[in-house]
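Residues per chain, in single letters:
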Amino acid sequence: MRRPKRPQQSSTVLKKLLHKTSLKAGKAPGTLVHIGKQRAEPIHINLIHYDPEHLNQRQLASAEECRPHRDGPGISWFDIDGVHQLDVLQDIGAAFDLHPLVLEDIVNTTHRPKVESFDNYLFMVLKMSQFDSSSASVTTEQVSLILGPDYVLSFQEQKGDVFDSVRQRLRNGKGRLRKMGADYLAYVLLDSLVDSYFAVLESLGEEIERLEEDIIARPTPDTQSRIHHFKREMILLRKAVWPLRELISGLQREESPLLSDTTGIFLRDVYDHTIQIIDTVETLRDILSGLLDLYMSSISNRMNEVMKVLTIIATIFIPLTFVAGIYGMNFEYMPELHWRWSYPLLWLGMILMAGGMFIFFKRKQWL
């Protein structure tokens, strides 16, 4: 089955990699400048406050309502959808005593994944990737996490994420999530982001497998465009995944009272998943490079087959053209012109000549 064309989506890869970072040129450090897709919807601050026995989930009207839930008892998860309203971000920063450079990094959605340690919190920048089946492309969104003593702040560019399973686990109250501290909640969010890459890679693998089948069956110019499309998508995915290894390794080495020894053990598991994802990304990149070579070989072989058939047809008709050329000459004395059976004999000879050459090509395995 022929797949739809993708070049329009894949040609925007430079727009995903290069943003208008020049907007920050000449401004003082800590100046908030939103760099990313412009949005019109308001920022939503969602609160999930819980302890082993109780859970309260609601939407806050302003950043000031965060203050009563900042410190215990219980654990508070402030899930913030949107980073484009700078005044709201400044109010949130004031409510949690966030450094201006942290707020600057949150509104700049072009940062590579990293972790930074401050006196009262840990700041992490991550990339959340999802697969868009309609365009066969990977969408990447920046997610910022702030881990405090009794709270976790999560900032994302828009509504919709991969944390639904975490919310469901909190509502069910099963397992250790509701019984652990804020560091374990941050680990669970990080683990959900990392595990979401497996679904993205699985979808990409299926698309690449279908692409390989199309190349073997019938390569077309559209097939080459799809190969380059997926190569560009793998570049974006690699750009988001590779720094994750450094981030998790940094968390494991971090000697912070905000991270317990128990959570450190779970971080080793996330690190293993990250290495597995990186290996899969590199494998798919190698496969795509091989598919490009396979495409060029298939096109070359197909062209050789076409040229072979055309050459054989031309070779068969060369002697027939020779015979027809002789009898097309205007000689007065050509005895065959007056024979009764000359015309059918001429046709019989030409057919035998063409058939003989065809049989000869078959025995030589040229056909």
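Here the structure is shown first, and the text comes after it.
Residues numbered from 1 in each chain as written. Predicted model: local features only at pLDDT ≥ 70, side-chain atom pairs only at ≥ 80, totals over all residues. Heavy atoms only, no water.

Looking at this structure, I do not really get helix α7 (residues 221-253). What am I missing?
Given 3.6 residues per turn, any residue in an α-helix points the same way as the ones three and four places further on. Relative to the 48 Å expected for 33 residues at 1.5 Å per residue, α7 spans 50 Å between its end C-alpha atoms, a close match to the ideal helical length. Roughly 25° is the biggest bend found in α7, and it falls at Arg 238. (Helix = DSSP H or I, 4+ residues; strand = E, 2+ residues; numbered from the N terminus. Expected span 1.5 Å × (residues − 1). Bend = angle between axes of the 7 residues up to and from the residue.)

Looking at this structure, I do not really get the nonpolar core. What am I missing?
Across soluble globular proteins, nonpolar side chains show a tendency to be buried alongside one another. Ranked by internal contacts, the top residues of the largest apolar core, which has 57 residues, are Trp 77, Leu 185, Leu 190 and Leu 237. Elements supplying a minimum of two residues to this core: β1 (44-50), β3 (75-81), β5 (122-132), β6 (137-147), α5 (164-172), α6 (182-217), α7 and α8 (261-327). Not counting the four nearest positions on each side in its chain, Leu 185 is found in contact with Tyr 50, Ile 75, Trp 77, Val 152, Val 166 and Leu 177. (Core = buried A, V, L, I, M, F, W, Y, C linked by side-chain atoms within 4.5 Å. Buried < 20%, exposed > 50% of the residue type's maximum accessible area, 1.4 Å probe, protein only. Contact = heavy atoms within 4.5 Å.)

Where do I start with the packing of aromatic side chains in this structure?
Centre-to-centre distance and the angle between the planes together describe a pair of aromatic rings. Scanning all chains against the criterion turns up 7 aromatic pairs. Between Trp 77 and Phe 163, the aromatic rings sit 6.1 Å apart at their centres with planes inclined by 75°, giving edge-to-face as the arrangement. Of the two residues, Trp 77 sits in strand β3 while Phe 163 sits in the loop between β7 (151-156) and α5, which places them 86 residues apart along the sequence. A residue is classified by how much of its surface remains accessible, and Trp 77, at 0% relative accessible area, is buried. When the centroid spacing of 5.3 Å and the interplanar angle of 80° are considered together, the rings of Tyr 184 and Phe 266 count as edge-to-face. Separated by 82 residues along the polypeptide, Tyr 184 in helix α6 and Phe 266 in helix α8 bring together distant segments of the chain. Among the aromatic residues, ring-to-ring pairing joins Phe 78, Phe 96 and Tyr 151 into one connected group. (Phe/Tyr/Trp six-rings, centres within 6.5 Å; stacked < 30°, edge-to-face > 60°.)

Is there a simple way to think about the sheet that holds β5 in this case?
As a general point, the strands of a sheet are linked pairwise by backbone hydrogen bonds and lie either parallel or antiparallel. Pairing in this open sheet of 7 strands is mixed, and the strands run β2-β1-β3-β7-β6-β5-β4 from one edge to the other. Looking at which strands have only one partner, the edges of the open sheet turn out to be β2 (55-60) and β4 (114-117). Pairwise comparison of adjacent strand axes, ignoring direction, gives a mean angle of 20° for this sheet. Two strands pair when backbone bridges link them, and β1 and β3 are joined in this way by 7 bridges, in the antiparallel orientation. Bridge assignment links Tyr 50 to a residue of β3, and that residue is Ile 75. Of the strands in this sheet, β1, β3 and β7 touch helix α3 (residues 86-96), which is tilted by about 165° from β7. Each of β4, β5, β6 and β7 is contacted by helix α4 (residues 100-107), which is oriented at about 165° to β6, the strand it contacts most. (Pairing = 2+ DSSP bridges. Axes fitted to C-alpha atoms, helices over the stretch in contact; angles between N-to-C directions.)

In this structure, what is going on with the side chain of His 273? I would like to understand it.
In this fold, His 273 is placed in helix α8. A polar side-chain atom of His 273 sits 3.2 Å from a polar atom in the side chain of Asp 195. (Polar contact = N/O pair within 3.5 Å; in protein donor to acceptor, adjacent residues only side chain to side chain.)

I keep staring at α4 and nothing clicks. Help me out?
The buried count for α4 comes to 6 of 8 residues, which makes it a mostly enclosed element. Buried within α4 we find Val 102, Leu 103, Glu 104, Asp 105, Ile 106 and Val 107. Its buried side turned inward, α4 meets α3, β4, β5, β6 and β7.

So what exactly am I meant to see when it comes to a nonpolar patch on the surface here?
A cluster of nonpolar side chains, namely Met 303, Val 306, Met 307, Val 309, Leu 310, Ile 313 and Phe 317, defines an oily patch on the protein surface of about 650 Å² accessible area. If you trace the backbone, Val 306 turns up in helix α8. We classify Val 306 as partly exposed; its relative accessible area is 40%. (Patch = residues over 30% accessible without salt bridge, like charges linked within 9 Å, V, L, I, M, F, W, Y side chains within 5 Å. Areas by Shrake-Rupley, 256 points an atom, 1.4 Å probe, with all protein chains shown as cover. Salt bridge = Lys/Arg side-chain N within 4 Å of Asp/Glu carboxyl O.)

I tried to follow the pattern of salt bridges on my own but got confused; where do I start?
Two side chains carrying opposite charge are able to pair once their charged atoms lie near each other. Tallied over the full model, the rule gives 13 salt bridges. When the shortest N-O distance is used, the salt bridge between Asp 105 and Lys 114 registers 2.8 Å. Note that Lys 114 is salt-bridged to Glu 116, the shortest N-O span being 3.0 Å. Taken together, the shared-partner salt bridges in this structure form one network comprising Asp 79, Asp 161, Asp 164 and Arg 167.

Hey, could you run me through the pairing of β2 in this one?
Put simply, side chains in a regular strand alternate between the two faces of the sheet. The pairing of β1 with β2 spans 6 bridges and is antiparallel. Across the sheet, residue Ile 45 finds its bridge partner in β2, namely Leu 60. Hairpin connection of β1 to β2: 4 residues between the antiparallel strands.

Help me understand the environment of Glu 282, please; the structure alone is not making it clear to me.
Turning to its location among the elements, Glu 282 is positioned in helix α8. Taking the C-alpha atoms as reference points, Glu 282 and Arg 238, 44 residues apart in sequence, are found 8.1 Å from one another. Sequence-distant contacts of Glu 282, defined by excluding residues within four places in its chain, comprise Arg 238 and Trp 242. Within polar-contact distance, the side chain of Glu 282 engages the side chain of Arg 238 at 2.7 Å.

Can you help me understand the packing of α3 against α4 in this one?
Any two packed helices are characterised by how steeply their axes cross, that is the angle between the axes, and by the distance between the axes. Where α3 meets α4, the axes come as close as 10 Å, and the angle between the chain directions of the two elements is 140°. Relative to α4, α3 is oriented oblique. α3 and α4 meet at a crossing whose hand is right-handed. Listed contacts from α4 to Leu 86, Leu 89, Gln 90 and Gly 93 of α3 are Leu 103, Ile 106 and Val 107. Of the residues that constitute the contact of α3 with α4, the class distribution is 5 nonpolar, 2 polar and no charged. (Parallel < 35°, antiparallel > 145°, perpendicular 65-115°, else oblique. Left-handed = near helix turned anticlockwise from the far one by under 90°. Nonpolar A, V, L, I, M, F, W, Y, C, P; charged D, E, K, R; others polar.)

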